[in-house]
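Listed below, chain by chain, are the residues.
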There are 2 protein chains.
Amino acid sequence: MRAAAGARAARADRRRSTAAPRAASPTQTHPYAAVDVVILTIDAGELKALVVQVREGPCAGQWAFPGGLVQMHESLDDAARRELSARTGLGGIYLEQLCTFGDPGRDPRARVVSTAYFALVAAKDMVAASSKYAGVAWLPVHALPRLAYDHDAIARAALDRLRAKLSYTNLVYGLLPDAFALGDLQEVYEKILGRRLDRRNFRKKILASGLLRRLRTQRRGPHRPAALYRFAQRRPMMVEML
Amino acid sequence: MRAAAGARAARADRRRSTAAPRAASPTQTHPYAAVDVVILTIDAGELKALVVQVREGPCAGQWAFPGGLVQMHESLDDAARRELSARTGLGGIYLEQLCTFGDPGRDPRARVVSTAYFALVAAKDMVAASSKYAGVAWLPVHALPRLAYDHDAIARAALDRLRAKLSYTNLVYGLLPDAFALGDLQEVYEKILGRRLDRRNFRKKILASGLLRRLRTQRRGPHRPAALYRFAQRRPMMVEML
DNA sequence: TCAAAAGTGTTGGCATTACACCCATGA
DNA sequence: TCATGGGTGTAATGCCAACACTTTTGA
């Protein structure tokens, strides 16, 4: 009898595919594997994360990062990429595994071991409406509400990782448009690191790195025009940035 | 019928507890969650890893890192700690999550998503004989044979992580006995980083850090006696070491 | 003409590197 | 006495942080 219930739950999982299990089945015999994705972008000069409103279960109504069960045929990275492209128009620029959370009770509905990813997208892109969630929003990372499950910890991990990587990789390119002014670049760094940087030192360092190509165009505005640059290489690299 | 087989497999899993699933069941509906632990020590001046010989399945006879399925009641960390203390006498000094591997096909027996951990132990301690594996050995990390599954990648990840952490944490204490000479400490760093360090600069830096307490005792040998030191704090800390 | 952002060099301090000789011991 | 590792200081270099004024534009 317990076995029959377990089998029923298993079939239901297969059908619902990426959805998290609906209720803790007393017959669950081993943890489910899932992914959760922290999708970050810069919007209106702020670092924002894509969150979805949980539709069912004890956490209904709370915000959480989008996620779902890992399918039999796909790798973890594929599962994360699937979540990413289901939520955003473009596939996203960058995706990296963060860490894995597996405390019993982290998800009240079932025993789920979830691998967290973080992703960068250039501009907050179309967000596909989804019947899976009650709502979707881009919220400022520095003023997130309490999130469902253990997603507060995931948010912290994502921000920590991003901060660390900004200083020794060229990942920022994933948060900027193709052409940008040095001031834009600096602003992204300051917003994410949470501290001011010296403009002269910053420009010296960045330009000396040789990662940027100066364009012939300028950006005009109500101020002195700014020279525009683009990243010579738009792919992830280890580089001393700060 | 498929459902019945699935339930049977699930019950079998619960019974075998930590053992990996024996054969890919055609009815497996979602991936299993597992942990693998890279247990490292310094022995005879070399960095060594604990490996076990796979007893069954297509990889039988090959070496792999010890691991097993995550139980319903335990966290990932607990599962890793359980593997660690099942293999070594002392619980081990340090345990940290590395990353998670989940490619389909990484384990030919079943679909397994495995979270890798790395652990440091002070001296290669008793290794509990286990019916689970055909053999157990400490092998030099720099000359590992080809490992089973995707454990080559896990080994690389563990070594990379350890190298990185040595320079900005005090984790070395986990690889050293309570009292040691500065030469010992330097040797550990050189062995793991794979390069020579200048002795005078090394001593200056380490002693200036204030992390070590000089003991009144000396170590005698066929050479000039060496002053002995101990770490003032034997717990993981972020500290600039090199 | 004003407000607002863009652009530009120099200096001092600190940290890192490179480097060579004497010492104490057991065999 | 010899082989082996233990112990020590200085000088040159490079890196980073601090710092203020002029320029260009649109409103």
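Rules used in this analysis
Here the residue numbering is sequential within each chain, running from 1 through the sequence in written order. Each chain is given a letter, starting from A, and each ligand a number, starting from 1, according to the order in which they appear as written. Reporting of local features is limited, given that this is a predicted model, to residues whose pLDDT is at least 70; pairs of side-chain atoms are given and counted only at 80 or more, and all residues count toward the totals for whole chains, interfaces and linings. Note that the side-chain values use all heavy atoms of the structure and ignore hydrogens as well as water. Elements are defined by DSSP. Helices are runs of H or I of four residues or more, strands are runs of E of two residues or more, and each kind is numbered from the N terminus. To estimate how far a helix should reach, multiply one less than its number of residues by 1.5 Å. By the convention used here, residues are in contact when the closest approach between their heavy atoms is within 4.5 Å. Neighbouring residues are identified by heavy atoms, a residue being near a molecule or strand if any of them is within 4 Å of it. Here a polar contact is taken to be a pair of N or O atoms separated by no more than 3.5 Å, where protein atoms must pair a possible hydrogen donor with a possible acceptor and residues adjacent in sequence count only if both atoms sit in side chains. Salt bridge, as used here, is a side-chain nitrogen of Lys or Arg placed within 4 Å of a carboxyl oxygen of Asp or Glu. Buried means the residue's accessible area, taken with a 1.4 Å probe over protein chains only, is under 20% of the maximum for its type, while exposed means over 50%, and partly exposed covers the values in between. Two strands pair if DSSP finds at least two bridges between them. Classes in brief: Ala, Val, Leu, Ile, Met, Phe, Trp, Tyr, Cys and Pro nonpolar; Asp, Glu, Lys and Arg charged; the others, Gly included, polar. Aromatic pairing here means that ring centres of Phe, Tyr or Trp (its six-membered ring) are within 6.5 Å. Orientation follows from the plane angle: under 30 degrees is stacked, over 60 is edge-to-face, and everything else is tilted.

Novice: Lay out helix α3 (residues 151-168) of chain B in plain terms, naming residues and giving numbers.
Specialist: Note on helix geometry: an α-helix contains 3.6 residues per turn, so any two residues three or four positions apart are oriented the same way. Taking 1.5 Å of rise per residue, 18 residues should cover 26 Å, and α3(B) covers 26 Å from first to last C-alpha, within 8% of that figure. Among the structural elements, β1 (32-43), β2 (46-53), β3 (63-64), β5 (94-101), β6 (112-120) and α4 (182-193) of chain B are those in contact with the buried residues of α3(B).

Novice: So what's going on with the protein's contact with DNA strand C? Which residues, and what values?
Specialist: Looking at DNA strand C, there are 20 residues lining it, with A:Arg199, A:Lys204, A:Ala227, B:Arg220 and B:Gly221 nearest. The sugar-phosphate share of atoms of DNA strand C within 4 Å of the protein amounts to 46%. A:Ala227 has a polar backbone atom sitting 2.7 Å from a phosphate oxygen of DNA strand C. In the environment of DNA strand C, a phosphate oxygen lies 3.4 Å from a nitrogen or oxygen atom belonging to the side chain of B:Lys205. Where the surface near DNA strand C is concerned, the elements lending two or more residues are α5 (199-209) and β10 (226-231) of chain A together with α5 (199-209) of chain B.

Novice: Please give an account of the pattern of salt bridges that cites residues and values.
Specialist: Applying the stated rule across the entire model yields 28 salt bridges over all chains. A:Arg219 serves as the salt-bridge partner of A:Asp184, at 2.9 Å between the closest nitrogen and oxygen. Of the two residues, A:Asp184 is situated in helix α4 (residues 182-193) and A:Arg219 in strand β9 (residues 212-219); the sequence distance between them amounts to 35 residues. Between B:Arg82 and B:Glu83 there is a salt bridge, with its nearest N and O atoms 3.9 Å apart. Exposure remark for B:Arg82: the relative accessible area of 23% places this residue in the partly exposed category. Judged by its relative accessible area of 2%, B:Glu83 is buried. Look at the salt bridges and you will find they share partners, linking A:Asp36, A:Arg106 and A:Asp150 into a network.

Novice: Would you mind going over the sheet that holds strand β9 (residues 212-219) of chain B in detail, with residue names and values included?
Specialist: Residues and elements named next belong to chain B. In spatial order, the strands read β8-β10-β9; together these three strands make up an open sheet with antiparallel pairing. Looking at which strands have only one partner, the edges of the open sheet turn out to be β8 (180-181) and β9. Note that β9 and strand β10 (residues 226-231) share five bridges and pair antiparallel. Within β10, the residue paired with Arg219 across the bridge is Ala226.

Novice: Account for the environment of A:Pro58, with residues named and values stated.
Specialist: Residue and element names in this part refer to chain A. For Pro58, the location among the structural elements is in the loop between β2 (46-53) and β3 (63-64). A residue is classified by how much of its surface remains accessible, and Pro58, at 61% relative accessible area, is exposed. If sequence neighbours within four positions are ignored, Pro58 has contacts with Pro108 and Arg109.

Novice: Residues and numbers for the sheet that holds β9(A), please.
Specialist: Strand order in this open sheet of three strands is β8-β10-β9 (chain A), and the pairing throughout is antiparallel. Every interior strand has two partners, whereas the edge strands, β8 (180-181) and β9 of chain A, have only one.

Novice: Lay out the protein's contact with DNA strand D with the relevant residues and their values.
Specialist: The environment of DNA strand D is made up of 21 residues, and the closest members are A:Arg220, A:Gly221, A:Arg224, B:Arg199 and B:Ala227. Among the atoms of DNA strand D lying within 4 Å of the protein, the sugar-phosphate backbone contributes 44%. One of the side-chain nitrogen or oxygen atoms of A:Asn201 is found 3.1 Å away from a base nitrogen of DNA strand D. Note that a base oxygen of DNA strand D is positioned 3.0 Å from one of the side-chain N or O atoms of B:Lys204. Elements supplying a minimum of two residues to the surface near DNA strand D: α5 of chain A together with α5 and β10 of chain B. Class assignment of the residues belonging to the surface near DNA strand D gives a composition of five nonpolar, five polar and eleven charged.

Novice: Which residues make up the packing of aromatic side chains, and what are the values?
Specialist: Given two aromatic rings, their pairing is described by the distance between the two centres and the angle made by the two planes. The full count for this structure, using the stated rule, is eight aromatic pairs over all chains. Between B:Phe180 and B:Phe231, the aromatic rings sit 5.5 Å apart at their centres with planes inclined by 40 degrees, giving tilted as the arrangement. Of this pair, B:Phe180 sits in strand β8 while B:Phe231 sits in strand β10; the two residues are 51 residues apart in sequence, bridging distant segments of the chain. For the residue pair B:Phe180 and B:Phe231, the accessibility class agrees, reading buried in each case. Members of the aromatic cluster, connected to one another through ring pairs, are A:Tyr173, A:Phe180 and A:Phe231.

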